[in-house]
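# Reading the structure
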Amino acid sequence: MSEKDHKVSRRQFLTYTLTGVGGFMAAGMIMPMARFALDPALKAGAESDSVYVCEVSELTEEPQKFPFSFDQTDAWYESEVTHDAYIYLNGDEVVALSPVCTHLGCTVTYGHEENPDGFRCPCHFGMFSKEGINVPGTPPQRPLDVFEVTVEDGKVYLGQINQRT
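To keep things clear, this report deals only with the structure shown in the data block. (Residues numbered from 1 in each chain as written. Predicted model: local features only at pLDDT ≥ 70, side-chain atom pairs only at ≥ 80, totals over all residues. Heavy atoms only, no water.)

## Comments concerning the state of the cysteines
- With the rule as written, the count across this model stands at 1 disulfide.
- Between the sulfur atoms of Cys106 and its disulfide partner Cys123 the distance amounts to 1.8 Å. Around the S-S axis, the bridge from Cys106 to Cys123 shows a dihedral of about -105° and counts as left-handed. Pair noted here: Cys106 is in the loop between strand S4 (93-97) and strand S5 (109-112) and Cys123 is in the loop between strand S6 (115-120) and strand S7 (127-129), with a separation of 17 residues, a long-range link.
- By relative accessible area, Cys106 is classed as buried at 18%.
- Residue Cys121 stays outside any disulfide, its sulfur separated by 3.7 Å from that of Cys101, the closest cysteine.
- Accessibility expressed as a relative area gives 2% for Cys121, which makes it buried. (Disulfide = S-S within 2.5 Å. Helix = DSSP H or I, 4+ residues; strand = E, 2+ residues; numbered from the N terminus. Buried < 20%, exposed > 50% of the residue type's maximum accessible area, 1.4 Å probe, protein only.)

## What about a nonpolar patch on the surface?
- A grouping of Val8, Phe13 and Tyr16 is seen on the molecular surface, where their side chains present a nonpolar patch of about 350 Å² in accessible area.
- Tracing the chain through its elements places Phe13 in helix H1 (residues 10-42). (Patch = residues over 30% accessible without salt bridge, like charges linked within 9 Å, V, L, I, M, F, W, Y side chains within 5 Å. Areas by Shrake-Rupley, 256 points an atom, 1.4 Å probe, with all protein chains shown as cover. Salt bridge = Lys/Arg side-chain N within 4 Å of Asp/Glu carboxyl O.)

## Thoughts on the packing of aromatic side chains
- Applying the stated criterion across every chain yields a total of 5 aromatic pairs.
- The interplanar angle of 25° and the centroid separation of 6.3 Å between the aromatic rings of Phe68 and Phe70 together place this pair among those described as stacked.
- For Phe68, a relative accessible area of 6% puts it in the buried group.
- Residue Phe70 is classed as partly exposed on the basis of its relative accessible area, which comes to 25%.
- On the numbers, 5.7 Å between centres and 85° between planes, the contact of Phe68 with Phe147 is edge-to-face. (Phe/Tyr/Trp six-rings, centres within 6.5 Å; stacked < 30°, edge-to-face > 60°.)

## Things to note about the sheet that holds S7
- Reading across from one edge, S5-S6-S7 is the order of the 3 strands in this open sheet, with antiparallel pairing throughout. Edge positions in the open sheet fall to S5 and S7, since each of these has one partner strand only. Taken pair by pair, the neighbouring strands of this sheet meet at an average axis angle of 45°, ignoring direction.
- One ladder, built from 3 bridges, connects S6 with S7; its direction is antiparallel. Bridge pairing in S7 places Gly118 opposite Ser129. (Pairing = 2+ DSSP bridges. Axes fitted to C-alpha atoms, helices over the stretch in contact; angles between N-to-C directions.)

## Some words on the pairing of strand S2 (residues 64-74)
- Relative to strand S3 (residues 77-90), S2 is paired through 11 bridges, and the arrangement is antiparallel. Paired with Asp74 across the bridge in S3 is Tyr77.
- Connecting the antiparallel pair S2 and S3 is a turn made up of 2 residues, with Ala75 showing a positive phi of about 60°.

Structure below.
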């Protein structure tokens, strides 16, 4: 039999075979990279479980620093993480501010002698009002971040942190 009698020549067969094998090899290399890049988008939204922090009866109209802990999972590593929040009463509303300066991430303090009714960052002397609003003319360009607050049965729970502009 000659090559003309076959519907596929040897050259075409070899081309098809090498293209198929090359395609499988390329897919084998690209799929793990695509999965790695798309995995965060494929996962469900971040858990926004609330964490118990304190009792409402412990709060005053002056911000107080309260530590709280929660379990965090990074890939296969699980750990307990401790954070702080400045929490105070604004009328009947419970307000929780992040102690992280929005300028460079240093920890702010409340009631410093330079700013007795507000927050002060020790790194570059940034100032914030009691409500966490940045004072014009100081390094921070935006207010302190706020936590989602839930009050149930006289207990304060903090949820995810939200950036203010």
